[in-house]
Amino acid sequence: MGILLVNIISIMEAEFPEKGTFDWGLSRFYDYAVEQRFYVIFSLLFGTGFYIFITRAKARGDNAIVPFIRRLAALLGFGAVHFVFQPGEALHIYAIIGFLLIPFYNRKPAFNFAAMLAALGLSLVLGEYAVTLAMFLLGLLLGQIGFFTRFGEFAPQLRLAAWISLALTPGALYLQHRTFPTNWYGEGANLAGLVMGTLYVSTFLLLYRNRRIQQWLRPLAAFGRNALTNYLGQTAIIVMILFLFDLKQEVSVTDTTLIALGIYAIQIPLSSLWLKRYKMGPLEWIWRMLTYGKRIPIRKEM
């Protein structure tokens, strides 16, 4: 969800805030708590999704690779169109790097772990592209060891990851801050994103074991199931607002935050209402049909 709070600033070209103002503090908060953090998380989930997709296809006795290639090609198409309106979008990057993930499915977890470390090392040269591949590989690795199906068994490891990443967070934030005026800021932000993304994920999974927290977060489940529709829909709403009200370069970071919260307020309940009648989001439905090359029913049997 946090990606919108950052993306909307660039899409609407919000005014650069004056130092010391509330807007400046809000902007710095996004720089140090949101930017690159949720990108890392979604990259990890993409890798796990790849593992689930291939594994389920193989369990059905289907050809797994060809549909996945079509799935990536369709994602690249979505990303190419989205790029016109949001040059910072991630779908085309995910699609291109996703092709590199295919040979790793049949590799052992130890091999994929080593490949992940190598990709992290390359991030000093290749930046976020190598980080994306590393997180894809980590997601695949977690799928291979059954992490998300029985993450309760990994509670000790999650606690360790949470404490280590918490201890590293001040140093990572300081490094990001120190690299801000230099050409190394991207690397500093990537490193801080890895550390704090780990902190966010491990802490969330530890808390999610509590049933009350599960109930509180249930309204967000439908929002997540419609992730592609909501992600592209957010850009569509922002572009429509810019077209209707001519707000480009006329809004503050506070303004963009309020608009983003308004978009969430629309999409979260709308996602729940949609999934009461339909099996998946509209763009997820199109994506699945492009993946399998056939028409797939979307409406639920009432």
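About the cut-offs
- Residues numbered from 1 in each chain as written.
- Predicted model: local features only at pLDDT ≥ 70, side-chain atom pairs only at ≥ 80, totals over all residues.
- Heavy atoms only, no water.
- 1 Å grid on protein atoms, 1.4 Å probe; cavity = no way out; pocket = protein on both sides within 12 Å on 5 of 7 lines; lining within 4 Å.
- Points joined across faces, edges and corners; volume = space filled by probe spheres on them.
- Helix = DSSP H or I, 4+ residues; strand = E, 2+ residues; numbered from the N terminus.
- Nonpolar A, V, L, I, M, F, W, Y, C, P; charged D, E, K, R; others polar.
- pLDDT = per-residue confidence, 0-100.
- Patch = residues over 30% accessible without salt bridge, like charges linked within 9 Å, V, L, I, M, F, W, Y side chains within 5 Å.
- Areas by Shrake-Rupley, 256 points an atom, 1.4 Å probe, with all protein chains shown as cover.
- Salt bridge = Lys/Arg side-chain N within 4 Å of Asp/Glu carboxyl O.
- Lys, Arg positive; Asp, Glu negative; His and termini not counted.
- Charge placed at Lys NZ, Arg CZ, Asp CG, Glu CD.
- Buried < 20%, exposed > 50% of the residue type's maximum accessible area, 1.4 Å probe, protein only.
- Expected span 1.5 Å × (residues − 1).
- Contact = heavy atoms within 4.5 Å.
- Axes fitted to C-alpha atoms, helices over the stretch in contact; angles between N-to-C directions.
- Left-handed = near helix turned anticlockwise from the far one by under 90°.
- Phe/Tyr/Trp six-rings, centres within 6.5 Å; stacked < 30°, edge-to-face > 60°.

Focus on empty space enclosed by the protein
Which parts of space are left empty comes out when a probe the size of a water molecule is rolled across the atoms.
Part 1: For the coordinates displayed, the defined rule picks out one cavity of 30 Å³ or more.
Part 2: If you add up the space inside the largest cavity, you get close to 50 Å³.
Part 3: Residue lining of the largest cavity: Leu4, Asn7, Ile11, His82, Gln86, Tyr231, Gln234, Thr235 and Ile238, and that is the complete set.
Part 4: In terms of residue count, helix α12 (residues 227–245) provides more of the lining of the largest cavity than any other element does, four residues in total.
Part 5: Taken together, the residues of the lining of the largest cavity sort by class into four nonpolar, five polar and no charged.

Describing the layout of surface pockets
Part 1: If you add up the space inside the second largest pocket, you get close to 820 Å³.
Part 2: Met116, Met135, Leu138, Leu194 and Thr198 are, among the 35 residues lining the second largest pocket, the residues nearest its centre.
Part 3: Going through the elements one at a time, α3 (37–59), α6 (109–126), α7 (128–144), α8 (155–178) and α9 (185–208) are the ones with two or more residues in the lining of the second largest pocket.
Part 4: Per-class residue counts for the lining of the second largest pocket are 26 nonpolar, eight polar and one charged.

Focus: the confidence of the model for the protein
Part 1: The predicted model of the protein has a mean per-residue pLDDT of 88, with 99% of residues at 70 or higher.
Part 2: Per-element confidence in the protein is highest for helix α14 (residues 282–292), whose mean pLDDT is 94, and lowest for helix α10 (residues 211–217), whose mean pLDDT is 84.

What to know about a nonpolar patch on the surface
Part 1: A cluster of nonpolar side chains, contributed by Leu122, Leu124, Val125, Leu126 and Tyr129, occupies part of the molecular surface with about 550 Å² of accessible area.
Part 2: Residue contributions to the nonpolar patch peak at four residues, all from α6.
Part 3: Here valine 125 is to be found in helix α6.

Considerations on a negative patch on the surface
Part 1: On the surface, Glu15, Asp246, Glu250 and Asp255 cluster together to form a negatively charged patch.
Part 2: With respect to the secondary-structure elements, aspartate 255 resides in helix α13 (residues 253–277).
Part 3: We classify aspartate 255 as partly exposed; its relative accessible area is 32%.

Points about helix α2 (residues 22–33)
Part 1: Taking 1.5 Å of rise per residue, the 12 residues of α2 would be expected to cover 16 Å, and the 16 Å separating its terminal C-alpha atoms lies within 8% of that figure.
Part 2: Residues of α2 that are buried include every one of Asp23, Leu26, Ser27, Arg28, Tyr30, Asp31, Tyr32 and Ala33, and no others.
Part 3: Residues of α2 that are buried in the fold lie against α1 (3–11), α3, α8, α9 and α13.

Side note on unusual backbone geometry
Part 1: Its identity is not glycine, yet glutamate 13 carries a phi of approximately 50°, on the positive side.
Part 2: Locating glutamate 13 in the fold gives a position in the loop between α1 and α2.
Part 3: Owing to a relative accessible area of 32%, glutamate 13 belongs among the partly exposed residues under this scheme.
Part 4: Notably, aspartate 246 is not glycine yet its phi reads approximately 50°, a positive angle.
Part 5: Here aspartate 246 is to be found in the loop between α12 and α13.

Quick notes on the environment of glycine 152
Part 1: Of note, glycine 152 is situated in the loop between α7 and α8.
Part 2: Separated by 149 residues in the primary sequence, glycine 152 and isoleucine 3 place their C-alpha atoms 27 Å from one another.

A look at the side chain of glutamine 234
Part 1: Tracing the backbone shows glutamine 234 in helix α12.
Part 2: You can call glutamine 234 buried: its relative accessible area is 8%.
Part 3: Non-local contacts of glutamine 234, meaning those with residues more than four positions away in its chain, are made with Leu4, Phe223, Ile263, Tyr264 and Gln267.

Some thoughts on the packing of α12 against α14
Part 1: For the pair α12 and α14, interaxial distance at closest approach is 6 Å and the crossing angle is 120°. Seen along the crossing, α12 lies across α14 with a hand that is right-handed. Of the residues in α14, those in contact with Ala227, Leu228, Thr229 and Leu232 of α12 are Pro282, Leu283, Glu284 and Trp287.
Part 2: Taken together, the residues of the contact of α12 with α14 break down into six nonpolar, one polar and one charged.

Regarding the packing of aromatic side chains
Part 1: Scanning the entire structure with this criterion turns up 17 aromatic pairs.
Part 2: Geometrically, the ring pair formed by phenylalanine 53 and phenylalanine 68 is tilted, given 5.7 Å between the ring centres and 50° between the ring planes. One end of the pair, phenylalanine 53, is in helix α3; the other, phenylalanine 68, is in helix α4 (residues 65–85), and 15 residues separate them in sequence.
Part 3: By relative accessible area, phenylalanine 53 is classed as buried at 12%.
Part 4: Taken together, a centroid distance of 5.3 Å and an interplanar angle of 85° make the contact between tyrosine 94 and phenylalanine 136 edge-to-face.

Some words on the pattern of salt bridges
Part 1: Under the definition given, this model contains three salt bridges.
Part 2: For aspartate 31, the salt bridge goes to arginine 28, with nearest N and O atoms at 2.6 Å. One end of the pair, aspartate 31, and the other, arginine 28, are both in helix α2, three residues apart, so they sit about a helical turn from each other.
Part 3: For aspartate 31, a relative accessible area of 14% puts it in the buried group.
Part 4: Since its relative accessible area comes to 17%, arginine 28 is described here as buried.

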